[in-house]
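# Working through the structure, step by step
In case you want the letters, here they are:
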Amino acid sequence: MSQPKPNFEQMTMKDLRQYILAHRDDEDAIHAMAIRLRNQGKTGTVEEFLEHVKQQTQES
């Protein structure tokens with residue numbers, strides 16, 4: 001039985017970033033980050049979004 005996915009809307013940006021780093025194939029999590037970044041006005045174009053996600057998901 002698979003575990004239910006966490007509620008991405010309730011996660012902090014830091015927690016969502018960590019989750020994506022651990023689950024890089026989880027398209028729902030990436031989509032949740034895209035929506036959040038878009039709503040925060042941090043992206044305007046696809047290229048800006050991809051660059052922002054790349055920066056957010058690079059391991060520190």
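Residues numbered from 1 in each chain as written. Predicted model: local features only at pLDDT ≥ 70, side-chain atom pairs only at ≥ 80, totals over all residues. Heavy atoms only, no water.

A separate point is the confidence of the model for the protein. Per-residue pLDDT for the protein has a mean of 82; in total, 90% of the residues score no lower than 70. Within the protein, the lowest mean pLDDT, 74, falls on helix H3 (residues 46–57), and the highest, 90, falls on helix H1 (residues 13–22). (pLDDT = per-residue confidence, 0-100. Helix = DSSP H or I, 4+ residues; strand = E, 2+ residues; numbered from the N terminus.)

For helix H2 (residues 27–39), which comprises 13 residues, the first-to-last C-alpha distance of 18 Å matches the rise-based estimate of 18 Å (1.5 Å per residue) to within 8%. Among the residues of H2, Ala29, Ala32, Met33, Ala34, Arg36 and Leu37 are the ones counted as buried. Between the side-chain oxygen at the start of H2 and the backbone nitrogen of aspartate 28 there is a gap of 3.0 Å, and the oxygen is on aspartate 26. Downstream of H2 by one or two residues, glycine 41 has phi in the positive range, about 75°. (Expected span 1.5 Å × (residues − 1). Buried < 20%, exposed > 50% of the residue type's maximum accessible area, 1.4 Å probe, protein only. Polar contact = N/O pair within 3.5 Å; in protein donor to acceptor, adjacent residues only side chain to side chain.)

We now examine the environment of leucine 21. Relative to the helices and strands, leucine 21 is located in helix H1. Placed ten residues apart in sequence, leucine 21 and methionine 11 show a C-alpha to C-alpha distance of 14 Å.

A complete count under the given rule lists two salt bridges for this structure. Between lysine 5 and aspartate 28 there is a salt bridge, with its nearest N and O atoms 2.9 Å apart. On the criterion of sequence distance, the pair formed by lysine 5 in the segment before H1 and aspartate 28 in helix H2 is long-range, its members being 23 residues apart. Taken together, the salt bridges that share partners define one network made up of Lys5, Asp26 and Asp28. (Salt bridge = Lys/Arg side-chain N within 4 Å of Asp/Glu carboxyl O.)

Contact pair H1 / H2: the axes reach a minimum separation of 10 Å and the direction vectors enclose 150°. For the pair H1 and H2, the sense of crossing is left-handed. Residue-level inspection shows Met13, Leu16, Arg17, Tyr19 and Ile20 of H1 in contact with H2, the latter providing Ala29, Ile30, Ala32, Met33, Arg36 and Leu37. (Axes fitted to C-alpha atoms, helices over the stretch in contact; angles between N-to-C directions. Left-handed = near helix turned anticlockwise from the far one by under 90°. Contact = heavy atoms within 4.5 Å.)

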